[in-house]
Amino acid sequence: MSKYLVNLTINDIPVSVPEGTTILAAAKKLDFRIPTLCYHEDLCVAGNCRVCVVEQVGGRALIAACATPVSEGMQIHTNSAVVRTARKTIIELLLSEHNSDCTKCYKNGNCELQSLAHEYRVGDHVFIDLVNGKHRSIDDLSPSIIKDDSKCIRCQRCVRTCDELQGVSALAVAYKGDHQKISTFLDHPLVEVVCTNCGQCVNRCPVGALIEKTYVEEVWDVINNPNKHVVVQTAPAVRVAIGEELGYNPGERLTGKMVTALKRLGFDSVLDTDFTADLTILEEGTELLTRLKRAVVDKDPTVALPMTTSCSPGWIKFIEHTFPEYLPNVSTCKSPQQMFGALAKTYYAQKKGLKAQDITVVSIMPCTAKKYEANRPEMRSSGYKDVDYVLTTRELGMMIKQAGINFQNLEDSAYDSIMGESTGAAVIFGATGGVMEAALRTVYELVTGREVPFANLNILPVRGMEGVKEAKVKIEGCLPEWKFLDGIEVSCAVAHSLAHARKLMQAVKDGTAHYHFIEVMACPGGCLGGGGQPIPTNEDIRAKRAAAIYGEDEGLPLRKSHENPEVKMIYEEFLGAPNSHKSHSLLHTHYLVRKQY
Amino acid sequence: MADVQQIIKDVTVVYGKERKALMPILQAVVKTKNYLDDQDLISIAKALDLSAAEVFGTASFYTFLDTVPRGKNVIRVCKTISCHMAGKDEIIHAIEDTLKVKTGQTSVDGKFTLLSANCLGWCHKGPVMLINDKVFPELTAEKAIEILQKYQEED
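Residues numbered from 1 in each chain as written. Chains lettered and ligands numbered in written order. Predicted model: local features only at pLDDT ≥ 70, side-chain atom pairs only at ≥ 80, totals over all residues.

A.B. asks: I tried to follow the overall build of chain B on my own but got confused; where do I start?
C.D. replies: Scanning chain B for helices and strands turns up seven helices and four strands. The order of α-helices and β-strands along chain B, N terminus first, is α-α-α-α-β-α-α-β-β-β-α. Expressed along its principal axes, the backbone C-alpha trace of chain B runs to roughly 50 × 30 × 25 Å. In chain B, which comprises 155 residues, the proportion classed as buried is 34%. Taking all contacts inside chain B whose residues are at least 6 apart in sequence as the whole, residues at least 24 apart take part in 60%. (Helix = DSSP H or I, 4+ residues; strand = E, 2+ residues; numbered from the N terminus. Buried ≥ 20, exposed ≤ 12 C-beta atoms within 10 Å, placed from the backbone. Contact = placed C-beta atoms within 7 Å.)

A.B. asks: Just to check I follow, could you spell out the interface of chain A and chain B for this structure?
C.D. replies: Contacts between the two partners involve 14 residues from chain A, matched on the other side by 12 residues from chain B. No other element matches the three residues that strand S8 (residues 172-174) of chain A contributes to the side of chain A that touches chain B. Of the residues that constitute the side of chain A that touches chain B, the class distribution is 10 nonpolar, three polar and one charged. (Nonpolar A, V, L, I, M, F, W, Y, C, P; charged D, E, K, R; others polar.)

A.B. asks: What is the right way to read the environment of B:Asp97 from this model?
C.D. replies: As for its placement among the helices and strands, B:Asp97 is situated in helix H6 (residues 88-99). Sequence separation of B:Asp97 and B:Ile145 is 48 residues, and the distance between their C-alpha atoms is 9.5 Å.

A.B. asks: I tried to follow helix H16 (residues 498-510) of chain A on my own but got confused; where do I start?
C.D. replies: Side chains three or four residues apart in an α-helix point the same way, a direct result of the helix having 3.6 residues per turn. Residue and element names in this part refer to chain A. Across its 13 residues, H16 extends 18 Å between first and last C-alpha, which sits within 8% of the 18 Å expected from 1.5 Å per residue. Three or more residues of H16 are buried, namely Leu498, His500, Ala501, Leu504, Met505 and Val508. Buried positions in H16, seen along its axis, are confined to an arc of 150 degrees and lie on one side of it. The secondary structure elements touched by the buried residues of H16 are helix H10 (313-322), strand S16 (468-474), strand S17 (489-496) and strand S18 (517-521). Gly511 sits one or two residues past H16 and shows a positive phi near 80 degrees. (Expected span 1.5 Å × (residues − 1). Arc of directions from axis to C-beta.)

A.B. asks: For this particular structure, what's the right way to read the domain arrangement of chain B?
C.D. replies: When the domains of chain B are assigned, the result is domain 1 (4-61) and domain 2 (73-153). Between the C-alpha centres of domain 1 of chain B and domain 2 of chain B there is a distance of 29 Å. (Domains from an automatic or database assignment.)

A.B. asks: Just checking my understanding: could you explain the environment of A:Ala81 for this structure?
C.D. replies: Residues and elements named next belong to chain A. By secondary structure assignment, the location of Ala81 is in helix H2 (residues 81-96). Exposure remark for Ala81: the 9 C-beta atoms within 10 Å place this residue in the exposed category. Distance in space between the C-alpha atoms of Ala81 and Glu55 is 9.6 Å, their sequence separation being 26 residues.

A.B. asks: What is the right way to look at the sheet that holds strand S2 (residues 13-18) of chain A in this model?
C.D. replies: Two pairing modes exist for strands in a sheet, parallel and antiparallel, and in both the strands are linked by backbone hydrogen bonds. All names here are of chain A. Read across the sheet, five strands follow the order S2-S1-S5-S3-S4 without closing on themselves; strand pairing throughout is mixed. A single partner strand is all that each edge strand has here, and the edge strands are S2 and strand S4 (63-64). Two strands pair when backbone bridges link them, and strand S3 (residues 53-56) and strand S5 (residues 75-77) are joined in this way by two bridges, in the antiparallel orientation. Its bridge partner being in S5, Gln56 is matched across the sheet by Ile76. Across the sheet, H2 lies against S3 and S5, angled at about 155 degrees from S3, the strand it touches most. (Pairing = 2+ DSSP bridges. Axes fitted to C-alpha atoms, helices over the stretch in contact; angles between N-to-C directions.)

Set out below in structure tokens:
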């Protein structure tokens, strides 16, 4: 931002802002809200919806506040008669091309266009309704995302999200004029194209054109089925975001209340995905050490390094499409969600004296891609669908509201057992860099017998919101069995959002970057910024959720995955050892090469 | 069959492999084989490192960049008001009868596709049609049929 200040007035109030500031931002500084639809903090300016128009004294036409930088001596009016009339007309025109069947819309009550229509009290049938009779279709074939063209206002937030944040560009603007629509390649269904199901578009769609596919009714049905034992697991990032659905400010840690709420909803057992996150660290850490051993000791040229994480189903589908030649590099570990499902219907069933077919596993995830992941044919290691239903953080908020639970007054309670125990290392899975940090805490100690050499176990180089982060950890003073690693500097990289993942993988492919271990999370900020998280999500909100996650970690008595007592127990009682034959059959998977275009 | 790979190669020699090469490539392919099929769009996306959706989005914006199979000769009859008043319906009926197709369809022998078009800028000499790049103004039903017969005799 320029150091030169520009002076202007907005609604006759003088303000000075740095050169290059938009009128929208300058007005915000004075606490004037200018309505927007196509604008989003995370994305480049498009200026196509026009609802942010303002009047410049002496100007010929109204100007878009989001797309116009301030200039010296400008006099702006954000709410003059001409602005109000124009804005109302613009909203009415948008509505004339929008399926305004609001009461039956999934986004009813959480729709930016609906709010504006309400704010401006638009009348009925001002313009001819242009929705009917057009070639508008609903694509509900994906298990994750529903795309309904009749509700689309063509603000193109989704197109910019898919391109700028994710580098996927599964969505583009196609056709023109009144035929213009947001389309995939040849208008194929989302399941048949390069879409990773990350749901970042869903998180940014101002209307109901892109929504998650909901399974709330199915989950109510199984809860009410007396023959089913319904187990619910909650992902780390949900506990720091669920509050936003229920009247709290971003960044509130509500683990205890959330567990109580889940019990009141009627789940038979409320368990934690964090348990299998800890388990993932043991499995993935062992896998990494095995690969390093093969490379260093056996000099095996076929060993695939760098190894990448595999927790993020958006990342998995992305690499299957985009860098299929690197699939051997991806850890074979299933994601914590799927490990949990496989164990719930085997280990848990056995311990509780239940039959696998009588257990239903529900996941609460910050993610829409998890819905797709649970549907993958590989994810049936228990002999049944390992995870039956996946709900987003938003859907959990919806269920709590439907049940009439006064969330704010709930007491805290603890997760049930077994598979409810977790450590701080598992909690930080929800933030970018968290899996790397958790893995380093465990692997370093496994190999050297000492704690990882960072103050208070906080591996700060892998934290924060930079797109690609790097860390190097020198391994010294190894235990006898790991002597071969002595003196090796383990080189790690962390990427979040697929656009950054693409850059990182391209650098690996070009041979300009050399790492042993790479963590990739498909969403900006990691899972805490997932496509299933409360709307809105932006930089500020992501930072608050991240602070809450690291706060949760610091507050826990156990902060290293290998210290999780239930993890120790499951290896003793059931799995044997990390990467054992049984582990492989239940906790590991394989990947598919998918078409690149 | 036109070698689309070769077309891409030739155009990128001139325009590079930047996004700006997209339009020239799309135009060159359509000029050679009259339309872009799915595989062409994918090849172009691959060559320019663009997403296939973006290439399709761009092509679909332009009426003259067809993404569905077209005949050897594409007839576009102007449907805008001046040509309408000058009798374009009669022209269309005559062509439909001659070629045994409806507007939007391709003849069985693959020689002709009949389409309607927005204003071609020949309002003073309507009704008008375009066959590939060639304009035929001041049409009558008889003239239109005569023109088609010449194209039919060509090969």
